[in-house]
Amino acid sequence: MKARLLIDRSVDDQHGLSVDDALTRSSEVASITLRLYTYQTCVLVGRFQHIHDEVNLDRCRALNVPVNRRPTGGGSIIMGADQLGIALVIPPDSKLVGRKSTSLMRGCAKGIVRTLRGFGIEAEFRGKNDLVVSGRKIAGLGLYQAPGGGILFHASLLLDLDIQFMLTVLKTAFENASDRGLSAVSERIATLRREVSSDLSISGLMKAVKLGYENEFSIGFRRGQLNAEEQLLANQLLERQYRDRQWVFQTSSRIKDRVGHYKLKTKGGTLDVRAIVARRTLKSVFLNGDFIASENAIFDLESSLKWHITDAEALNRTIERSYLKNRQFWDGISATDISDAVLGAIGQSDSDSFASVPNSCFVHSGTIQ
Amino acid sequence: MSDFSSWLPTDRLYDESSYLWVKDDLESGNLLVGIGNPTIESLGELSYLTISSPGTVVKRGESVGSMEAAKMTGEIVSPVSGTIVHRNEDILDDPRSASGDPYRNGWLFSIAPTSWDEDKSCLLDSASFFDVLPEDLRDSASV
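Residues numbered from 1 in each chain as written. Chains lettered and ligands numbered in written order. Predicted model: local features only at pLDDT ≥ 70, side-chain atom pairs only at ≥ 80, totals over all residues.

### Focus: the overall build of chain A
For chain A, the helix and strand inventory stands at 13 helices and 17 strands. With 369 residues in all, chain A has 50% of them scored as buried. A fraction of 73% describes how many contacts in chain A between residues 6 or more apart in sequence connect residues 24 or more apart. (Helix = DSSP H or I, 4+ residues; strand = E, 2+ residues; numbered from the N terminus. Buried ≥ 20, exposed ≤ 12 C-beta atoms within 10 Å, placed from the backbone. Contact = placed C-beta atoms within 7 Å.)

Here it is, written out as structure tokens:
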């Protein structure tokens, strides 16, 4: 099987996105391409996010940080020298991974899991698009299918992360990047420099990821470059899409997120639940309050409910499953308590007015404790 | 066979590439284009959806909208050339409304075709479509 490796360093947001898109749309998506690259510092929002809700545009302008929109879904992210961009482009008829999006996502991310295992780190999938290490997120994942059927798998793998900068340019509960905010976010993410070695370089990580994918797929990636058609397509996409303010600032979906709060007194303390709901999709749920539970049990529950249908029966089943897995870590709180509080928050979101609800990939408003 | 025909009804045609179905809308004489079980099985539940406005002229294979599902985003690619006549406002307001009965509620848009005979020859009946589906999706039909 033909497999190509592309390496790019310090690309700007427009070039970074247009090349990925071109690779996926090209009529010659006949081979697998693995692109490992870093961006010049920028902010990228998810496909259907409302940019004004997510990004502090004034601060980005003041700091000369460009903002753009990915073709993939999920939350807003910062990309820069210490966040490895991984793009895996797969032909429509590839037998390498399944066709179902769940197996596609997991299949495409296995190379990263293998890479991390090589560093002695065990990572697992959680929620909609998270790769976590001991409950802490180390990579955000996304999938996009182009009109011709080509698949783009995107990942942002954290070698390191300047949390203070991230909290400055993204809208979160921590507008002023306070010590409390920095600490709370830091506890919920993992970086390779923290987990493995502070000396690990982006070049070293690129080599490791290439090897991880080669071992996982049993294929060899040969260094290559864009062909003429891909280059032309990338230039066209750059002009008509990724340089176009209408693409970047679009509010194409008529569905706006709503937020709902609900407090429930239990034997173990008060559960203070915040739910972000897009029609019948529970995008995120956050548990706060004065109850006692392990961070991991809370993260596991929150992750398992990301992008969940708001149907009560289905929610109860998922909550029960997560609860039973970590039963000993919930002190005086039952699965029914959690279900009641989550459903209460969803119910409140029906009556609340539309709210500006930021939803970042590596930090969200519910991180506050 | 009754299970199969409810998973993949025999009264319409299917596009191998986009997984969308195409059905005659007998009332208007136009065609209805929609999502079915293979779409939902492959992408997951839809959460966001956009569809081009009525009056948009589109060629078969061109994007007429976009969507975000549980794990994936993608384009809505028209299996038919023509002019969009109506959009399903209910599904735009609530993309999950298609999930229970996608062959009734999952229509995305109606289109006045311009080269139906030609496009029709590119579409598959349910049995042929089933045969070309990947194995992990075919398995879903027997559940």
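### So, the packing of helix 4 (residues 101–118) of chain A against helix 8 (residues 202–217) of chain A
Residue and element names in this part refer to chain A. Interhelical geometry of helix 4 versus helix 8 gives an angle of 115° and a closest axis separation of 8 Å. In this structure, the crossing between helix 4 and helix 8 has a hand that is right-handed. Seen from helix 4, the contacting residues are Lys110, Gly111, Ile112, Arg114, Thr115 and Gly118; seen from helix 8, they are Ala208, Val209, Gly212, Tyr213, Asn215, Glu216 and Phe217. Considering only residue class, the contact of helix 4 with helix 8 consists of five nonpolar, five polar and three charged. (Axes fitted to C-alpha atoms, helices over the stretch in contact; angles between N-to-C directions. Left-handed = near helix turned anticlockwise from the far one by under 90°. Nonpolar A, V, L, I, M, F, W, Y, C, P; charged D, E, K, R; others polar.)

### As for the interface of chain B and chain A
How big an interface is tends to be reported as the loss of accessible area on association of its parts. Tallying the contact residues gives 27 residues for chain B and 30 residues for chain A. For the side of chain B that touches chain A, the secondary-structure elements that each account for two or more residues are helix 2 (37–43), strand 4 (46–51), strand 6 (63–69), strand 7 (72–77), helix 3 (89–93) and helix 7 (135–141) of chain B. Counting residues per element, the side of chain B that touches chain A draws most heavily on strand 7 of chain B, which supplies five residues. Its residues assigned to classes, the side of chain B that touches chain A shows nine nonpolar, nine polar and nine charged. As paired strands, strand 9 (residues 136–145) of chain A and strand 7 of chain B are joined by three bridges and run parallel to one another. The residue bridging Gln145 of chain A from the neighbouring strand is Gly74 of chain B, located in strand 7 of chain B. (Pairing = 2+ DSSP bridges.)

### Here's the deal with the environment of Gly16 of chain A
All names here are of chain A. Relative to the helices and strands, Gly16 resides in helix 1 (residues 13–25). With 267 residues separating them in the primary sequence, Gly16 and Lys283 have C-alpha atoms 27 Å apart. Setting aside chain neighbours within four positions, we find Gly16 in contact with Val11, Tyr37, Tyr39 and Gly85.

### Focus on the environment of Phe109 of chain B
All names here are of chain B. With respect to the helices and strands, Phe109 occurs in strand 9 (residues 107–113). What makes Phe109 buried here is the crowd of 28 C-beta atoms within 10 Å. In this structure, the C-alpha to C-alpha distance between Phe109 and Val58, residues 51 residues apart in sequence, is 12 Å. In contact with Phe109, other than residues within four places in its own chain, are Val33, Ile51, Val64, Ile84, His86, Arg87 and Asn88.

### As for the pairing of strand 8 (residues 82–87) of chain B
All names here are of chain B. Sheet analysis places strand 5 (residues 57–58) next to strand 8, joined by two bridges and oriented antiparallel. Bridged to Val58 within strand 8 is Gly82. By the bridge criterion, five bridges tie strand 8 to strand 9 in an arrangement that is antiparallel. Among the inter-strand pairings, Arg87 is bridged to a residue of strand 9, identified as Phe109.

### Details of the sheet that holds strand 5 of chain B
Residue and element names in this part refer to chain B. Across the sheet, six strands lie side by side as 1-2-3-9-8-5; this open sheet has antiparallel pairing. Looking at which strands have only one partner, the edges of the open sheet turn out to be strand 1 (13–14) and strand 5. Direction of pairing for strand 2 (residues 21–25) relative to strand 3 (residues 30–34): antiparallel, over a ladder of five bridges. Opposite Asp24, over in strand 3, you have Leu31 as the bridge partner.

### What about the sheet that holds strand 13 (residues 269–278) of chain A?
All names here are of chain A. Within the open sheet, the four strands sit side by side as 12-13-14-16. Their pairing is antiparallel. The open sheet has two free edges, formed respectively by strand 12 (258–266) and strand 16 (308–309), since each of these has just one partner strand. When strand 12 meets strand 13, the two strands line up antiparallel, connected through nine bridges. Paired with Thr266 across the strands is Gly269, a residue of strand 13.

### Details of the nonpolar core
Counting 134 residues, the largest nonpolar core has Val43, Ile86, Ile112, Ile138, Ala275 and Val342 of chain A together with Val33 of chain B as the members making the most contacts within it. Apart from residues lying up to four places away in sequence, Val342 of chain A is in contact with Val273, Ala275, Val285, Leu315 and Ile319 of chain A. (Core = buried A, V, L, I, M, F, W, Y, C linked by C-beta atoms within 7 Å.)

### Some words on helix 4 of chain A
Residue and element names in this part refer to chain A. The first and last C-alpha atoms of helix 4 sit 26 Å apart over 18 residues, in line with the 26 Å expected at 1.5 Å per residue. In the structure, helix 4 departs most strongly from a straight axis at Lys110, where the bend amounts to approximately 40°. Those residues of helix 4 lying buried are Ser101, Leu104, Met105, Cys108, Ala109, Gly111, Ile112, Thr115 and Leu116. Directly beyond the C-terminal end of helix 4, a positive phi value near 85° is found at Gly120. (Expected span 1.5 Å × (residues − 1). Bend = angle between axes of the 7 residues up to and from the residue.)

### Things to note about the confidence of the model for chain B
Residue and element names in this part refer to chain B. Scored by pLDDT, chain B comes out at a mean of 90, with 97% of its residues at no less than 70. Within chain B, the lowest mean pLDDT, 72, falls on helix 1 (residues 2–7), and the highest, 98, falls on strand 5. Per the prediction output, this complex has pTM 0.86; the corresponding ipTM is 0.86. (pLDDT = per-residue confidence, 0-100.)

### Points about the environment of Glu68 of chain B
Looking at where Glu68 of chain B falls in the secondary structure, it is placed in strand 6. Residue class for Glu68 of chain B comes out buried when judged on the 30 C-beta atoms lying within 10 Å of it. When the C-alpha positions of Glu68 of chain B and Asp90 of chain B are compared, they lie 16 Å apart, and in sequence the two are 22 residues distant. Contact partners of Glu68 of chain B, with chain neighbours within four places excluded, come to Arg47, Phe48 and Gly73 of chain A together with Ser47, Tyr48 and Thr73 of chain B.

### Digging into helix 12 (residues 312–325) of chain A
All names here are of chain A. An ideal rise of 1.5 Å per residue puts 20 Å on 14 residues; helix 12 measures up with 20 Å between its terminal C-alpha atoms. Listed as buried for helix 12 are Leu315, Ile319, Ser322 and Tyr323. Around the axis of helix 12, the buried residues are gathered within 100° of arc, so they sit on the same side. Opposite the buried face of helix 12, at more than 90 degrees from it, the exposed residues are Glu313, Ala314, Arg317 and Leu324. (Arc of directions from axis to C-beta.)

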